[in-house]
Amino acid sequence: MLRRIHSLPGLVLALLLTVIAVSGTILSIDPALDRATHPPIERGVSVAALAEAVASRHGSVDKIARRPTGALTVTYSDGDTKGVELVDPATGAGLGPYQPSEFTRFVTNLHRSLLVGDAGRAAGAIGAGAMLVLTASGLWLLARRLGGWRAFLQPIRGTAAQCWHGELGRFAALGLMLSSLTGLWMSAGTFGLIPESSLAEPAFTASGGPAAPVGSLAALRAVDVADLRELTLPAPEDRTDTYGLRTSAGEARIDAATGEILVFTPTPILERVQAVVVMLHTGRGAWVLGLLLGLSAACVPAFAITGAAIWWRRRTNPPRLANNVAARSADTVILVGSEGNATWGFATTLHAALTAAGHRVHIAAMSELAPVHTSAKRMLILTSTYGDGAAPASAKGFLDRFAALDAALPVAVLGFGDRTFPHFCGYAQEVSTALDRKGWPRLLPLKRVDRQSAQEFAQWGRDLGATLGLDLVLEHVAVHPKTSELELVEREDYGAAVGAPIAILRFRAPGAGAKGQTGRLPAFEPGDLVGIVPPDSPMPRFYSLASSSRDGVLEICVRLREGGFCSTFLHGLKPGGRIDAFIRENPGFRPAEGRAPLILIGAGAGIGPLAGFVRANSPGRPVHLYWGGRSPSSDFLYEHELAMHLAEKRLTTLNTAFSRTPNGGAYVQDRIAADAPRLQELIRHGAQVLVCGGRDMAQAVTHALDAVVRPLGLDLATLKSSGRYVEDVY
Ligand SMILES: Cc1cc2nc3c(=O)[nH]c(=O)nc-3n(C[C@H](O)[C@H](O)[C@H](O)COP(=O)(O)O)c2cc1C
């Protein structure tokens, strides 16, 4: 519902809001420009002195006014010539004719009325109201997505459009709320919805004596030019006419002969409020605020584009399956919980494989759970997790609907999540617990898939197939970007003697033609992933990158896995051999900006990205590397390079643990436990921990490190949620 409240006005009014916002941004620059061209009026000159200086230069002066731009102008007549000129507030000297900018007038009209009068003004008011709703609902949605208001400033994850939409939203929300609230108030004033001040000016009678020189009038001598809003001068031939003086405090009538104040009307409260509202909307009198509001408004076109992209992606998914069997005649029901739609892709692969195996399969969103689904023979629930362990969009309300069901049927839950979140597959776990509580029989125990791993999904498929008595092959091919061809230029081989062959492979883009020249590599950083599509398989396998594209090579560390399709292919590759590859950014696994110490922990081929981080470190930032291998003589990867980094101070300390040494081996987690005091000191100084390697190693490290940070009153979940403990685990 909230999402609909957010997306509907956004999509329908995108153009209107963009016009209002862009024109508002242009106008927001004016107060800063005006301030540069008309510096604030200095105190020390009286209105009487200014009026006298001006009157001495002109036949007759009608009015001296301070414009919203801050400029002081005089409306005068010299014989038959009438004019308006700018004056110097300190001396009253003329500065040339006053010519307001035609462009500003045009943009102002566009902003206020879309150049179509009252209809445009009404549209503007609707736009302001819609912007208020969009901003409030957008903030609410973002907080929900991030796991609550306390997590509101956490990094935003998702597609590029989602990240930009959210980041800009956080930046612009306050400004947009202020602009739309004040805009609504001003529109209400325009349409007479705010009562006019009804204070009538009290009656007064002028003395009727001969007019005294303006410079001698006491009431005008008492007012500083800096406080002046407007001074109207009496008609010279009319002895009953008076001076009208307006300041922020109110309006006074002044006798032209005696210089006495005949009557004073203070500015009504509503008018004062109106002046503040105008200042908050236009930035006039507060140019810095004006620029900030303008910057916020400048984000609106980007909201329209990224918002439309997000909506379109959501709309084109879930996939409409032609062969989706009706729920009442299905033997298998697949329920999908998804926010970004990746899980729908996996569910579609499962649907196709089960259908091909002769099952009648119905697929639906978890939020559509209905009693009819329990007439099937089995239920398969595939769900991702959002927020901080919360339900994804298409699973909203599932648990309530589930609680209302009476029947039970065999079920399997497959969670999709990301290990780097504190609550890995938290929602799948919650669903699983609810199923257990109601005694639903299990086809398989809960399984968690990390970062959309096609391999883990395929393994679950094999397990499910075994349970159902099928040979179920789930070959899920996520839509991946176009691949580029890369050529192996160098390889180093380790570990064969200890039964764990690992190769460091370096690739370049194949030559672009001229001798010695190479083609361009795509851009990447250490820790990003390269997806390699091996021959005869459409399914890419992902490897962490050990180099940055600035190094001129794409470098990975690959451990040969028994029966591993891609690792066997890569280990068999000779210099000159080629691969098809694409880059997937992995911004969640990078050293944080700044100078805080880094603690890098890994084992085996997991050293790849860690060595890349060390190589990219500028000397001076403390970096401590803990790494575990099997034997110093066989698989000490990057040994010479790391020694060089130590000498150059890119690396502060290197702690290795080898498991197969003659006098008893050790593992990396042993080094961590033994080094607890130093690690505690580093963590106290804000250190970030980056872990890369196999799952078992990561689990052992988590255990050891948790014991290290507990005495500091911390735990790994807290470090994880603040980005100070990140993992790349496979
Ligand atoms: C904003 C955001 C929050 C997430 N929160 C979690 C989380 O708390 N636990 C988890 O295991 N995965 C979390 N993930 C990862 C997603 O569950 C994972 O990428 C999943 O494959 C997305 O599937 P979907 O596109 O079908 O929603 C989060 C992802 C994003 C973008």
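The structure displayed is predicted, hence computed values, not measured ones.

S.K.: Hey, could you run me through the overall build of the protein chain in this one?
M.R.: Each helix and strand in the protein chain was counted, giving 22 helices and 24 strands. Split into buried and exposed, the 730 residues of the protein chain put 36% on the buried side. Pairs at least 24 residues apart make up 70% of the contacts formed inside the protein chain by residues separated by at least 6 positions.

S.K.: Which parts of the structure should I look at to understand helix α5 (residues 102-113)?
M.R.: Side chains that are three or four residues apart share a direction in an α-helix, a result of its 3.6 residues per turn. Compared with an ideal rise of 1.5 Å per residue, which puts 12 residues at 16 Å, α5 spans 16 Å between its outermost C-alpha atoms and is within 8% of the ideal. Just beyond α5, the residue with positive phi is Leu114, at close to 55 degrees.

S.K.: I keep staring at the site of the ligand and nothing clicks. Help me out?
M.R.: Surrounding the ligand, one finds 24 residues, the nearest of these being Ser338, Gly340, Thr343, Ser384 and Gly417. At the level of secondary structure, the elements contributing two or more residues to the shell around the ligand comprise α12 (342-356) and β12 (411-417). Partitioning the shell around the ligand into residue classes produces 7 nonpolar, 12 polar and 5 charged.

S.K.: Help me understand the pairing of strand β9 (residues 332-337), please; the structure alone is not making it clear to me.
M.R.: One face of the sheet, then the other: side chains in a regular strand alternate in exactly this way. Summarising burial for β9: 6 of the 6 residues are buried, a large majority. Here β9 shows a buried face lined by Thr332, Ile334 and Val336 and a second buried face lined by Val333, Leu335 and Gly337. Where β9 lies against strand β10 (residues 361-365), 5 bridges are found, and the strand directions are parallel. For Leu335, the partnering residue across the bridge sits in β10 and is Ala364. Regarding topology, α12 serves as the crossover connection from β9 to the parallel β10, and that connection is right-handed. In this sheet, strand β11 (residues 378-384) lies alongside β9 in parallel orientation, the contact comprising 6 bridges. Bridge pairing in β11 links Ile334 to Leu380.

S.K.: Just checking my understanding: could you explain the sheet that holds strand β21 (residues 623-629) for this structure?
M.R.: Paired through their backbone hydrogen bonds, the strands of a sheet run either parallel or antiparallel. What the 5 strands build is an open sheet, ordered β22-β21-β20-β23-β24; its pairing is parallel. Edge positions in the sheet fall to β22 (653-658) and β24 (725-729), since each has one partner strand and no second. The average angle at which neighbouring strand axes cross in this sheet is 10 degrees, direction not considered. As paired strands, strand β23 (residues 688-693) and β24 are joined by 5 bridges and run parallel to one another. Residue pairing in the sheet places Val689 in a bridge with Tyr725 of β24. Against the sheet, helix α21 (residues 695-709) engages β20 (598-603), β21, β23 and β24, with an angle of about 155 degrees to β23.

S.K.: Would you take a moment to explain the environment of Val413 for this structure?
M.R.: With respect to the secondary-structure elements, Val413 resides in strand β12. Placed 34 residues apart in sequence, Val413 and Met379 show a C-alpha to C-alpha distance of 8.7 Å.

S.K.: Where do I start with the UniProt feature "transmembrane region" (unreviewed entry) in the protein chain in this structure?
M.R.: Per the UniProt record, "transmembrane region" (unreviewed entry) is found at residues 122-143 and 286-312. As a span, residues 122-143 carries 100% helix and 0% strand, and end to end its C-alpha atoms are 32 Å apart. With 93% helix and 0% strand, the stretch residues 286-312 has end C-alpha atoms that lie 40 Å from each other.

S.K.: Please explain the confidence of the model for the protein chain as it appears in this structure.
M.R.: Low pLDDT means the predicted coordinates in that region are not meant to be read closely. For the protein chain, the mean per-residue pLDDT works out to 91, and 97% of the residues sit at or above 70. Here helix α22 (residues 716-721) is the element of the protein chain with the lowest mean pLDDT, 84, and β11 is the one with the highest, 98. For this predicted complex, the interface confidence comes out at an ipTM of 0.99, alongside a pTM of 0.57.

S.K.: Is there a simple way to think about the packing of helix α2 (residues 14-28) against α5 in this case?
M.R.: Each pair of packed helices can be summarised by the angle the axes make with each other and by the distance between the axes. Contact geometry of α2 with α5 gives a least axis separation of 9 Å together with a crossing angle of 145 degrees. Crossing angle aside, the handedness with which α2 passes α5 is left-handed. Of α5, the residues touching α2 (which contributes Val19, Ile20, Ser23, Gly24, Ile26 and Leu27) are Val107, Thr108, Leu110 and His111. In the contact of α2 with α5, the residues fall into 6 nonpolar, 4 polar and no charged.

S.K.: Teacher, can you tell me more about the nonpolar core here?
M.R.: What tends to happen in soluble globular proteins is that the nonpolar side chains get buried as a cluster. Leu600, Leu690 and Val701 are the most contacted members of the largest nonpolar core, which totals 68 residues. Sort the elements by how many residues they give to this core and α21 lands first, with 8 residues. The residues touching Leu690, leaving out its near neighbours within four places in the chain, are Phe589, Pro591, Leu598, Leu600, Leu610, Phe613 and Val726. If you look at the next biggest cluster of nonpolar residues, it comprises 42 residues, including Ile334, Ile363, Trp440 and Phe457.

The rules behind these values
- Residues numbered from 1 in each chain as written.
- Predicted model: local features only at pLDDT ≥ 70, side-chain atom pairs only at ≥ 80, totals over all residues.
- Helix = DSSP H or I, 4+ residues; strand = E, 2+ residues; numbered from the N terminus.
- Buried ≥ 20, exposed ≤ 12 C-beta atoms within 10 Å, placed from the backbone.
- Contact = placed C-beta atoms within 7 Å.
- Expected span 1.5 Å × (residues − 1).
- Near = placed C-beta within 6 Å.
- Nonpolar A, V, L, I, M, F, W, Y, C, P; charged D, E, K, R; others polar.
- Pairing = 2+ DSSP bridges.
- Right-handed = clockwise from strand over helix to strand, strands pointing away.
- Axes fitted to C-alpha atoms, helices over the stretch in contact; angles between N-to-C directions.
- UniProt positions renumbered as here; feature names shortened; annotations may be inferred.
- pLDDT = per-residue confidence, 0-100.
- Left-handed = near helix turned anticlockwise from the far one by under 90°.
- Core = buried A, V, L, I, M, F, W, Y, C linked by C-beta atoms within 7 Å.

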